[in-house]
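So you can see what is in the structure, the chains are spelled out below.
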Amino acid sequence: MKTIIITGPSGSGKTMLTNKLANLFEDSIVIKTDSYYSDSILIRFLSLFTIDIYDRPISIKKKEIQNTLRSIYKRTSIINSYSYDFKNKQSFKSKIKLNYKCKEQFLILEGIFAHRLDLDYQETINIICEEDKEICLRRRLERDKLERGRNSFEVNKKFNKSWYLFYQNIKKYLNKNHVIPLNPVDKNSYDKLIFNLQNISNNN
């Protein structure tokens, strides 16, 4: 099973690209790092004083993500699944059953922390979504107002900090690994990616 890493700053089109790939490669398994945010007392407390706490790896259940990935690589039929309620800042755990239909299916790991999980990124397909900052901000404003109950001032403040943190911490990943830069709405880049992924799938 080949793993596709999709990272990028907030609003850059990660979810859009993930959904496109999951629809095209129907047997894909999708794991989103956003589903693994922690609702611990510590994180709740820090969130009162630190506006960027949810843009730092301390805010996610890193070990749980790694355990989930190990279970998938072992083709375990029942795995732990997580979801996160952003409005109420609550994490939920459940069991899901996976059907490993074929060995050619992809595991898609998506999120701003997807490149910071201590995986062997030499063995993964690494994609970074890139988009104009103003476009990303507009997307973030629309999403956060609708899904997370935030106002424009709060979103702008969080967005600027998250943008800075992402690009501050991506340098090591870019220098050490082969990473494909991609604007998900650019048809030529997307078509080239799909062609390469289809070849990988057919050759597995």
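Anything mentioned here points back to the structure above.
Residues numbered from 1 in each chain as written. Predicted model: local features only at pLDDT ≥ 70, side-chain atom pairs only at ≥ 80, totals over all residues. Heavy atoms only, no water.

Engineer: Where do I start with the packing of aromatic side chains in this structure?
Structural biologist: Between two aromatic rings, the relevant description is the distance of the centres plus the angle of the planes. Scanning the entire structure with this criterion turns up twelve aromatic pairs. A centroid spacing of 5.0 Å and a plane angle of 80 degrees characterise the contact between phenylalanine 25 and phenylalanine 106, whose relative ring orientation is edge-to-face. In this pair, phenylalanine 25 is assigned in the loop between helix 1 (14–24) and strand 2 (29–32) and phenylalanine 106 in strand 5 (residues 106–110), connecting sequence segments 81 residues apart. The pair formed by phenylalanine 25 and phenylalanine 106 is uniform in burial state, with each residue classed as buried. Seen from their ring centres, tyrosine 37 and tyrosine 84 are 5.5 Å apart, and the 55 degrees between their planes marks the pair as tilted. Here tyrosine 37, found in the loop between strand 2 and helix 2 (41–47), pairs with tyrosine 84, found in strand 3 (residues 78–85); they are 47 residues apart in sequence, far enough to count as distant. Using a relative accessible area of 5% as the deciding quantity, one classes tyrosine 37 as buried. By the ring-pair criterion, three or more aromatic residues cluster together here, those being Tyr37, Tyr54, Tyr84, Phe86 and Phe113. Over the face of the ring belonging to tyrosine 190 we find lysine 20, whose NZ or CZ atom lies 4.7 Å from the ring centre. (Phe/Tyr/Trp six-rings, centres within 6.5 Å; stacked < 30°, edge-to-face > 60°. Helix = DSSP H or I, 4+ residues; strand = E, 2+ residues; numbered from the N terminus. Buried < 20%, exposed > 50% of the residue type's maximum accessible area, 1.4 Å probe, protein only. Lys NZ or Arg CZ within 6 Å of the ring centre and 35° of its normal.)

Engineer: In this structure, what is going on with the sheet that holds strand 2? I would like to understand it.
Structural biologist: Paired through backbone hydrogen bonds, the strands of a sheet run either parallel or antiparallel to each other. Taken together, five strands build an open sheet; the order of strands is 2-5-1-6-7 and the sheet is parallel. Looking at which strands have only one partner, the edges of the open sheet turn out to be strand 2 and strand 7 (179–182). Taken over all neighbouring pairs, the strand axes of this sheet differ in orientation by 20 degrees on average, direction set aside. Strand direction decides the pairing type here: strand 6 (residues 125–129) and strand 7, joined by four bridges, are parallel. Bridge pairing links cysteine 129 to leucine 182 in strand 7. (Pairing = 2+ DSSP bridges. Axes fitted to C-alpha atoms, helices over the stretch in contact; angles between N-to-C directions.)

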